[in-house]
Amino acid sequence: MSMKNYPQGLLFSDEIQKQVREKFCNVESDSFGKRIFFENSGGSLRLKACIQAVADIDSHPDCLGRHQAQADVLDAIVKKGYEDLRIIFNTQKGSIITYLSASQVMFNIVGAIAHNVKGKNMVVSVLEHPSGFDSVEYYAKQTGRELRVLQSNPATGCIDVDEVIRNVDKDTVLLSCMYSSNTTGGINDIEKMVEAARAINPDVYIIVDAVQHAPHGLIDLSKLDIDAMDIAPYKFFGCRGSGVGWVSDRCAKLPHNRILCYSEDTWELGSTAPHVFAGYSAIVDYVCWLGSQYIDSADRRTLFEEGIHRIELQERGLLHRALEGTAMLPGLRSIPSVQVICDNPDLTQRDFILPITFENLDVTTAAKEYIKRGIYVFERKSPNHYSKRIVESLGLDGVIRVSPIHCNSPEEVDAFLRATMEIAKL
Ligand SMILES: Cc1ncc(COP(=O)(O)O)c(C=O)c1O
């Protein structure tokens with residue numbers, strides 16, 4: 001199904017919406033009562049199946065590779081978890097890396113490339129999360145390379161391909177650019193960036209942070225000639241405490257920390273936690289279940305693709321509603337005092353991670369006003385290290401980030417719009 005055919009998205013039927021919501025924990029309330037959770041970019045609503053996996057599997061103490069049958073069960077769970085991570089990435093090549101956070105994955109990959117690949121400069125986008133930016137800055141300094149920074153386009157909240165062309169040259173060691181921004185929601189044209197970078201320097205190592213994009217849009221490494229990617233299951237309906245990376249064959253073989261009895265392309269270090277791998281499978285099971293509500297297929301990747309496409313359409317439908325409103329309610333674009341930042345009219349280039357500001361209030365006060373009204377959002381604001389470089393590149397000192405996911409409903413978007421109208425009048 002082409003996503004371009006639905007420039008305004010396509011909402012779930014009531015029945016699918018209901019079933020989807022039933023599969024997640026705490027959709028409507030937390031320990032303090034009812035609330036609407038629009039802070040999924042900080043950590044997403046979580047699947048019940050992921051929580052269940054922890055209890056069911058981590059209650060068994062058995063070590064992998066032992067003689068008892070319980071160990072075989074755990075071995076099989078881990079094997080399936082790796083297979084399912086490859087369903088997400090869509091490649092059988094390269095190596096998978098699982099650490100405690102996406103930042104650990106990123107620093108280790110950037111370090112291995114910086115220490116082992118020849119070249120004079122390292123290129124990173126200004127929009128990166130500190131895991132992407134600081135890792136490149138840190139290792140550029142440590143290895144005596146020039147740091148080059150791709151600037152953002154404030155109209156779209158993306159990095160233009162021209163920035164890649166301007167900065168990458170024959171001496172570039174690596175290019176690191178995120179798939180979509182955790183502040184603007186802008187989806188970068190990674191395919192074109194890769195093409196442009198490789199036309200200038202075919203050997204450049206390319207790293208893509210897909211932490212924010214993975215829960216909203218499809219990843220397909222069979223079509224992207226890159227060297228590394230990372231995702232974070234806790235932004236993708238799963239549990240905290242895990243970051244996942246993928247590295248290409250040539251990147252996997254670069255010298256890196258490893259246990260020496262394993263193959264030189266192995267990056268895993270230490271004991272494997274089977275419940276974590278069951279959590280990866282629970283995420284893929286869920287997305288495939290969603291896909292199976294729309295198509296019949298015996299192929300897991302086909303179902304996964306359909307599921308992600310439906311998530312994308314639902315979220316685009318919700319984003320359109322937030323921006324344009326309904327017959328009864330004005331959308332953000334027409335509420336006086338509200339400014340939608342990086343408001344690219346082409347919603348197919350946006351994940352529903354929406355930066356807004358108010359003329360009448362600073363962003364922290366506004367975020368707290370939303371919370372008072374039972375709607376959880378968060379401000380991304382200078383001088384916080386996680387926000388400063390990014391918001392300043394857009395010419396701002398802060399934004400309120402509104403980040404629902406597909407299990408949120410049109411009614412919740414309407415409640416958000418009503419709260420916004422009240423806050424705009426304070
Ligand atoms: C785009 C992006 N990359 C990387 C990370 C880092 O993830 P982790 O907290 O697992 O290190 C985040 C977390 O917010 C993020 O939004």
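Novice: What is the right way to look at the overall build of the protein chain in this model?
Specialist: Scanning the protein chain from terminus to terminus reveals 13 helices and 15 strands. Taking all 426 residues of the protein chain together, the buried fraction comes to 50%. By sequence separation, contacts in the protein chain at least 24 residues apart represent 70% of the contacts at least 6 residues apart.

Novice: Help me understand the packing of helix H10 (residues 300-324) against helix H13 (residues 410-424), please; the structure alone is not making it clear to me.
Specialist: The relative placement of two packed helices is expressed as an angle between their axes plus a distance between the axes. The contact between H10 and H13 brings their axes to 10 Å, and the two run at 25°. The angle between the axes of H10 and H13 places the two elements in the roughly parallel class. Considering how the two elements wind past one another, H10 and H13 form a crossing that is right-handed. Between H10 and H13, the residues in contact are Leu318, Arg321 and Ala322 and Pro410, Val413, Phe416 and Leu417, respectively.

Novice: Help me out: how do you make sense of the nonpolar core in this one?
Specialist: One broad rule of soluble globular proteins: the nonpolar side chains tend to lie buried together. Residues Ile109, Ile113, Val208 and Ile283 are the most contacted members of the largest nonpolar core, which totals 126 residues. Here the element with the most residues in this core is helix H9 (residues 274-292); it accounts for 11 residues. Here this core spans two domains, and each of domain 1 (3-46 + 309-424) and domain 2 (53-283) adds at least three residues to it. Not counting residues within four places of it along the chain, the set of residues in contact with isoleucine 113 comprises Val173, Leu174, Tyr205, Cys251 and Leu254.

Novice: Mind showing me how you'd approach the sheet that holds strand E8 (residues 205-209) here?
Specialist: Ordered by their spatial adjacency, 7 strands build an open sheet running E4-E10-E9-E8-E7-E5-E6, and the pairing between neighbours is mixed. The open sheet has two edge strands, strand E4 (95-99) and strand E6 (146-150), and neither has a second partner. In this sheet, adjacent strand axes meet at a mean angle of 15° when their direction is disregarded. Sheet topology note: the strand E5 (residues 121-125)/strand E7 (residues 172-176) ladder contains 4 bridges and is parallel.

Novice: How should the site of the ligand be read in this particular structure?
Specialist: Around the ligand, a shell composed of Ser101, Ala102, Ser103, His129, Ser131, Met178, Asn182, Asp209, Val211, Gln212, Ala232 and Gly243 is seen. Per-class residue counts for the shell around the ligand are 4 nonpolar, 7 polar and 1 charged.

Novice: Explain helix H11 (residues 363-372) to me, please; I cannot follow it from the model alone.
Specialist: Helical geometry note: an α-helix holds 3.6 residues per turn, so side chains three or four residues apart project in the same direction. Within the span of H11, buried status applies to Val363, Ala366, Ala367, Glu369 and Tyr370. End-on view of H11: buried residues confined to an arc of 155°, all on one side of the axis. The inward-facing, buried residues of H11 contact strand E12 (354-358), strand E13 (375-376), strand E14 (378-381), strand E15 (398-402) and H13. Immediately downstream of H11, the backbone of glycine 374 shows phi near 80°, a positive value.

Novice: How do you make sense of the domain arrangement of the protein chain when you look at a structure like this?
Specialist: In terms of domain boundaries, the protein chain breaks down into domain 1 (3-46 + 309-424) and domain 2 (53-283). Centre-to-centre, using C-alpha coordinates, domain 1 lies 27 Å away from domain 2. In this assembly, 31 residues from domain 1 lie in contact with 30 residues from domain 2. The set of elements that each furnish at least two residues to the side of domain 1 that touches domain 2 consists of H10, E12, helix H12 (388-393) and E15. Taken together, the residues that form the side of domain 1 that touches domain 2 break down as 14 nonpolar, 9 polar and 8 charged.

Novice: Help me out: how do you make sense of the sheet that holds E14 in this one?
Specialist: Either a parallel or an antiparallel arrangement is found when strands of a sheet pair, and the pairing is made through backbone hydrogen bonds. The sheet built from 4 strands is open, its strands ordered E11-E12-E15-E14 with antiparallel pairing. Edge positions in the sheet fall to strand E11 (338-340) and E14, since each has one partner strand and no second. Averaged over all adjacent pairs, the angle separating strand axes in this sheet is 40°, with direction ignored. Taken together, the 3 bridges between E11 and E12 define a ladder with antiparallel strand orientation. Residue pairing for E12: valine 340 is matched across the bridge by isoleucine 356.

Novice: When you look at unusual backbone geometry in this model, what are you seeing that I'm missing?
Specialist: In the segment running from serine 382 into proline 383, the intervening peptide bond is cis, with an omega of 5°. In this fold, proline 383 is placed in the loop between E14 and H12. The phi torsion at cysteine 342 lies on the positive side, around 50°, for a residue other than glycine. Among the secondary structure elements, cysteine 342 is positioned in the loop between E11 and E12. With 23 C-beta atoms packed within 10 Å, cysteine 342 lands in the buried category.

Conventions we followed
- Residues take numbers from 1 onward in each chain, read along the sequence in its written order.
- Under the rules for a predicted model, residues below a pLDDT of 70 receive no local features and side-chain atom pairs below 80 are neither given nor counted, while totals for whole chains, interfaces and linings still include all residues.
- Secondary structure elements are defined from DSSP: runs of H or I of at least 4 residues count as helices, runs of E of at least 2 residues count as strands, and each element is numbered from the N terminus.
- With C-beta atoms placed from the backbone, the exposure class of a residue follows from how many other C-beta atoms lie within 10 Å of its own: 20 or more, buried; 12 or fewer, exposed; in between, partly exposed.
- Contacts here follow a simple rule: the backbone-placed C-beta atoms of the two residues must lie within 7 Å.
- Angular values range over 0 to 180 degrees, each being the angle between N-to-C directions of two axes fitted as lines to C-alpha atoms, with helices fitted over their stretch in contact.
- Relative orientations are named as follows: roughly parallel for angles under 35 degrees, roughly antiparallel for angles over 145 degrees, roughly perpendicular for angles from 65 to 115 degrees, and oblique for any other angle.
- Two helices crossing with the near one rotated counterclockwise from the far one by less than a right angle form a left-handed crossing, whereas a clockwise rotation gives a right-handed crossing.
- Take the buried Ala, Val, Leu, Ile, Met, Phe, Trp, Tyr and Cys residues, join any whose C-beta atoms are within 7 Å, and the set you get is a nonpolar core.
- Domain borders in the structure are assigned automatically or taken from a domain database.
- For two strands to be treated as a pair, DSSP must find no fewer than two bridges joining them.
- Any residue whose backbone-placed C-beta atom lies within 6 Å of a molecule or strand is treated as near that molecule or strand.
- Think of it as three bins: nonpolar holds Ala, Val, Leu, Ile, Met, Phe, Trp, Tyr, Cys and Pro, charged holds Asp, Glu, Lys and Arg, and polar takes everything else, Gly as well.
- In this description, the arc belongs to the directions extending from the helix axis to the C-beta atoms.

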